[in-house]
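Letter by letter, the chains look like this.
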Number of protein chains: 2
Amino acid sequence: MGLLIVGSVALDTVATPFDRIDNALGGSAVYISLAASYFSGPVYMVGVVGEDFDREHIKLLEDHNIDLEGLKMVDGAKTFRWSGKYHYDLNVRDTLLTELNVLATFDPVIPEKYRKSRFVLLGNIDPTLQLKVLEQMENPSFVICDTMNFWIEGKKAELLKVLKKVQVLIINDSEARLLAQEPNLIKAARLIRAMGPEYLIIKKGEHGALLFCDNTVFSAPAYPLENIYDPTGAGDSFAGGFVGYLHKTQDIGIENLKRAVVFGSTMASFCVERFSTKGLENLTYLQVHDRFREFLKLSRVDDDD
Amino acid sequence: MGLLIVGSVALDTVATPFDRIDNALGGSAVYISLAASYFSGPVYMVGVVGEDFDREHIKLLEDHNIDLEGLKMVDGAKTFRWSGKYHYDLNVRDTLLTELNVLATFDPVIPEKYRKSRFVLLGNIDPTLQLKVLEQMENPSFVICDTMNFWIEGKKAELLKVLKKVQVLIINDSEARLLAQEPNLIKAARLIRAMGPEYLIIKKGEHGALLFCDNTVFSAPAYPLENIYDPTGAGDSFAGGFVGYLHKTQDIGIENLKRAVVFGSTMASFCVERFSTKGLENLTYLQVHDRFREFLKLSRVDDDD
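Residues numbered from 1 in each chain as written. Chains lettered and ligands numbered in written order. Predicted model: local features only at pLDDT ≥ 70, side-chain atom pairs only at ≥ 80, totals over all residues.

1. Observations concerning the interface of chain A and chain B
At the junction of the two partners, chain A supplies 27 residues and chain B supplies 26 residues. Of all the secondary structure elements, the ones that give two or more residues to the side of chain A that touches chain B are helix H7 (185-193), strand S14 (216-220), helix H9 (254-271) and helix H10 (285-298) of chain A. In terms of residues, the side of chain A that touches chain B owes the most to one element, H9(A), which gives 4 residues. (Contact = placed C-beta atoms within 7 Å. Helix = DSSP H or I, 4+ residues; strand = E, 2+ residues; numbered from the N terminus.)

Written out as structure tokens, the structure reads:
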């Protein structure tokens, strides 16, 4: 048992055509942990913050049964800050500012009680740090990894080392094309799985997600949301829902992986309905499960042909 | 009974990174009719060609039980020609040449025996011509319409008149955003259905298709093709499979519309596997049905949660 989540903890300033929020709670570890918290707990979160990190954020995480023994607070330093602006169609965003602050010297130390975790989710951080985390773990059985263009372009050798040690890679479609150097997603998936991960999930934003496993592909739809307020954290919420459901069910068979993808999509759909982490703060498992069922309905066809 | 298809008949010159073909059979009416021919016949095709239109093309269409009484041949004139070039990722294409030729003065005359057709598919041509076709029909019960950016921008008033008379509009995602002046597809769908069509299908290329009906959305996946040789005609093949299946089953209930969307996707997937119309020329209904079942498997999840 045990679910370990590693990633960034951030203070985000986000502007969309609808609204703006300053220094809000953000970061990959936060979105992943909040999304996973609706499935099982405690969630072990490893990250770093500065002394400007609000007590209220700590309380919010603790209220969601997120264990913070692994959250390091650095005195006299500032939390990682990110600022972005979304365009009218919300599929395009500009990064306005990235202040690494405490993240620049982050050296993750995994608390003793976390080291036997069976499920590990390596959020989007420097692959060198992802490797350091894995070195401290005692034989995890299911490791899931996220990454981004920045590391694919800048730290490819380290990323390839990580990929040899993970069971699942979760990336978006443009990242998959970049990593495989191949525009056709189906070919790209084959090339990426040859780099290590047995399973590959390609997120396609408003077009859903693809799960590549064995010789098949599972295509999960996106939820048809009329009002998307803030896409920040959608991919991390997906990862959190995915791993949270697997950890809850302790079943990594293919049919259950498919359901986990749909639970991932479910958590992403809640995330983008409100600003910052607000969409993940006050859900019930009944709400999560109801939307999961809505997702299944979206692509169901009666085959009485 | 009866299925009427109106659209362009063309000689296409297409280059992709893999191959090139000159003056090949093409045009919306041709792709739609060939795809529909696998479901029921005869298909009534209305279009126009010049005297340069090859006898072999006529024979190919007739061999697929496509009735050509409605195909006008203009002496001393040339067939519509289109030439395009696809880029490496196949999602981007440049139109190199458009020679309207006989299409410039096309005035569709619907043969007497076609006028009682219950199903009508208005392929992508000038909405003024689409209206002329509808005026000649005797109370069709199910009219499906395709269009494109060019008409949305240049003939919006005429297009809006067409939309008031059709049951289904089939367009792609960028066209839907343009027509509704709204980037969110779900909102765009609501705005477009308020223009007339009870049902709306939004094609998303490699991301599948959405069917909007009543208060629900059906999300159909795309087939995970490793080798796409020529995307030309994919949207028309989709429309042909969709209307062909509806005409065969004579059932326009929502569950059957969903199946028709999957048959549309099925025909599009065959189309893009080979150059020009080659992918639609030598299929059997068994092959079509087998791929339909593969499509259903793609998005199936066992809900034993």
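2. A short note on the nonpolar core
The nonpolar side chains of soluble globular proteins are, as a tendency, buried together. The biggest cluster of nonpolar side chains holds 192 residues, and the ones touching the most others in it are Ile5(A), Ile144(A), Ile5(B) and Ile144(B). With residues up to four places along the chain from it excluded, the contact list for Ile5(A) reads Ala29(A), Ile32(A), Ser33(A), Ala36(A), Val43(A), Tyr44(A), Met45(A), Leu121(A) and Gly123(A). (Core = buried A, V, L, I, M, F, W, Y, C linked by C-beta atoms within 7 Å. Buried ≥ 20, exposed ≤ 12 C-beta atoms within 10 Å, placed from the backbone.)

3. Observations concerning the environment of Tyr88(B)
Topologically, Tyr88(B) is positioned in the loop between strand S7 (80-86) and strand S8 (93-99). Among the residues examined, Tyr88(B) registers 9 C-beta atoms within 10 Å and is labelled exposed. Remark: the alpha-carbon pair of Tyr88(B) and Pro17(B), spanning 71 residues in sequence, is separated by 5.9 Å. Once residues within four sequence positions are removed from consideration, Tyr88(B) is found in contact with Pro183(A) and Pro17(B).

4. Quick look at the pairing of strand S8 (residues 93-99) of chain A
With 0 of 7 residues buried, S8(A) lies mostly on the surface of the structure. Once strand S7 (residues 80-86) of chain A ends, the chain turns through 6 residues before running back antiparallel as S8(A), passing Leu90(A) with a positive phi of about 65°. (Pairing = 2+ DSSP bridges.)

5. Points about the sheet that holds strand S2 (residues 10-15) of chain A
All names here are of chain A. Taken together, 4 strands build an open sheet; the order of strands is S3-S2-S7-S8 and the sheet is mixed. The open sheet has two edge strands, strand S3 (20-26) and S8, and neither has a second partner. Each adjacent strand pair in this sheet contributes to an overall mean axis angle of 20°, direction not counted. In this structure, S2 lies alongside S7, joined through 6 bridges in parallel fashion. The residue of S7 that forms the bridge with Leu-11 is Arg-81. (Axes fitted to C-alpha atoms, helices over the stretch in contact; angles between N-to-C directions.)

6. Brief notes about helix H8 (residues 234-249) of chain A
An α-helix turns once per 3.6 residues; consequently, residues spaced three or four apart project the same way. Residue and element names in this part refer to chain A. The first and last C-alpha atoms of H8 sit 23 Å apart over 16 residues, in line with the 22 Å expected at 1.5 Å per residue. The buried fraction of H8 is high, at 14 of 16 residues. Downstream of H8 by one or two residues, Gln-250 has phi in the positive range, about 50°. (Expected span 1.5 Å × (residues − 1).)

7. Describing the relation of the copies chain A and chain B
If you rotate chain A by 180° and push it 0.0 Å along the axis, it lands on chain B with an RMSD of 0.0 Å. On the angle and the small slide along the axis, the relation comes out as a two-fold axis. (Least-squares fit on C-alpha atoms with pLDDT ≥ 70 in both.)

8. Quick word on the packing of helix H1 (residues 28-36) of chain A against H8(A)
All names here are of chain A. Here H1 crosses H8 at 40°, and the two axes come no closer than 7 Å. Relative to H8, H1 is oriented oblique. Here the hand of the crossing between H1 and H8 comes out right-handed. In contact with Ser-28, Tyr-31, Ile-32, Ser-33, Leu-34, Ala-35 and Ala-36 of H1, H8 contributes Asp-236, Ser-237, Ala-239, Gly-240, Gly-241, Val-243 and Gly-244. (Parallel < 35°, antiparallel > 145°, perpendicular 65-115°, else oblique. Left-handed = near helix turned anticlockwise from the far one by under 90°.)

9. Regarding the sheet that holds S8(B)
Residue and element names in this part refer to chain B. Within the open sheet, the 4 strands sit side by side as S3-S2-S7-S8. Their pairing is mixed. Two strands lie at the open edges of the sheet, namely strand S3 (20-26) and S8, each paired on one side alone. Ignoring strand direction, the axes of neighbouring strands in this sheet form an average angle of 20°.

10. Points about unusual backbone geometry
All names here are of chain A. Residue Pro-42 follows Gly-41 across a cis peptide bond; omega there is -5°. Locating Pro-42 in the fold gives a position in the loop between H1 and strand S4 (43-50). Residues other than glycine seldom take positive phi values, yet Asn-65 does so here, at roughly 60°. Examined against the element boundaries, Asn-65 turns out to sit in the loop between helix H2 (55-63) and strand S5 (66-67). When the 14 C-beta atoms within 10 Å are taken as the criterion, Asn-65 is described as partly exposed. Residues other than glycine seldom take positive phi values, yet Asp-214 does so here, at roughly 45°. Relative to the helices and strands, Asp-214 is located in the loop between strand S13 (209-213) and S14.

11. Re the pairing of strand S2 (residues 10-15) of chain B
All names here are of chain B. Bridge count between S2 and S3: 5 bridges; the pairing is antiparallel. Paired with Ala-10 across the bridge in S3 is Gly-26. With antiparallel pairing between neighbouring strands as the criterion, S2 and S3 make up a hairpin whose turn holds 4 residues.

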